[in-house]
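This is what each chain is made of:
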Amino acid sequence: MSELKKNLGLAMNTGRVVFGAKQTIKALKTGNVKLTLISSTCPKNIKEEIVYISKLSGIPVLELKENSEELGTLCGKQFNVSSLAIIEFGEAKFNSLIITKEVK
């Protein structure tokens, strides 16, 4: 099991996560987000907005190699997920992923 899949599962089961671009942006604007993940196929304008708001707030952003369909599957959802915001990590540990994959 990949580290990303394991930690996403832990975050969804023991923490708090919101899915989709609209919910991610809304959560970022409230400042309650700990980490944002973006799929490789997230539309450019949405990605730019998420990265911009995240950088203003000092919130790490991970751009994943997985596309929206694969990210949805990793999250156990039967729909595409272009982005998600982790509000509470719960038992998940994303530290090594944040260091290696943060968007510049």
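The rules we used
Residues numbered from 1 in each chain as written. Predicted model: local features only at pLDDT ≥ 70, side-chain atom pairs only at ≥ 80, totals over all residues. Heavy atoms only, no water. Helix = DSSP H or I, 4+ residues; strand = E, 2+ residues; numbered from the N terminus. Expected span 1.5 Å × (residues − 1). Buried < 20%, exposed > 50% of the residue type's maximum accessible area, 1.4 Å probe, protein only. Pairing = 2+ DSSP bridges. Right-handed = clockwise from strand over helix to strand, strands pointing away. Axes fitted to C-alpha atoms, helices over the stretch in contact; angles between N-to-C directions. Parallel < 35°, antiparallel > 145°, perpendicular 65-115°, else oblique. Left-handed = near helix turned anticlockwise from the far one by under 90°. Contact = heavy atoms within 4.5 Å. Nonpolar A, V, L, I, M, F, W, Y, C, P; charged D, E, K, R; others polar.

On to helix H1 (residues 3–14), then. With twelve residues, H1 extends 16 Å from end C-alpha to end C-alpha; this agrees with the ideal 16 Å at 1.5 Å per step. Along H1, the positions that sit buried rather than exposed are Leu4, Asn7, Leu8, Gly9 and Ala11.

The two faces of strand S2 (residues 35–38) match: Leu35 and Leu37 on one face and Thr36 and Ile38 on the other face are all buried. Relative to strand S4 (residues 83–88), S2 runs antiparallel, the two being bridged by four bridges. Paired with leucine 37 across the strands is leucine 84, a residue of S4. Note: S2 against strand S3 (residues 61–63), three bridges, orientation parallel. Looking at the pairing, isoleucine 38 lines up with glutamate 63 of S3. Handedness of the crossover joining S2 and S3 through helix H3 (residues 44–57): right-handed.

Right, let's talk about the packing of helix H2 (residues 21–30) against H3 for a bit. At their nearest, the axes of H2 and H3 sit 10 Å apart, and the two run at 20 degrees to each other. As summarised for this structure, H2 and H3 are arranged roughly parallel, according to the angle between their axes. As H2 runs across H3, the sense of the crossing is left-handed. Across the interface between the two elements, Ala21, Thr24, Ile25, Leu28 and Lys29 from H2 touch Ile46, Glu49, Ile50, Ile53, Ser54 and Ser57 from H3. Considered class by class, the residues forming the contact of H2 with H3 number six nonpolar, three polar and two charged.

The subject of this paragraph is the sheet that holds S2. Strand order in the open sheet formed by four strands is S1-S4-S2-S3, and the pairing between neighbours is mixed. Where the open sheet ends on each side, the last strands, each with one partner, are strand S1 (16–19) and S3. With strand direction ignored, the average angle separating the axes of adjacent strands in the sheet is 20 degrees. Those strands touched by H3 are S2, S3 and S4, and its axis lies near 165 degrees from that of S2.

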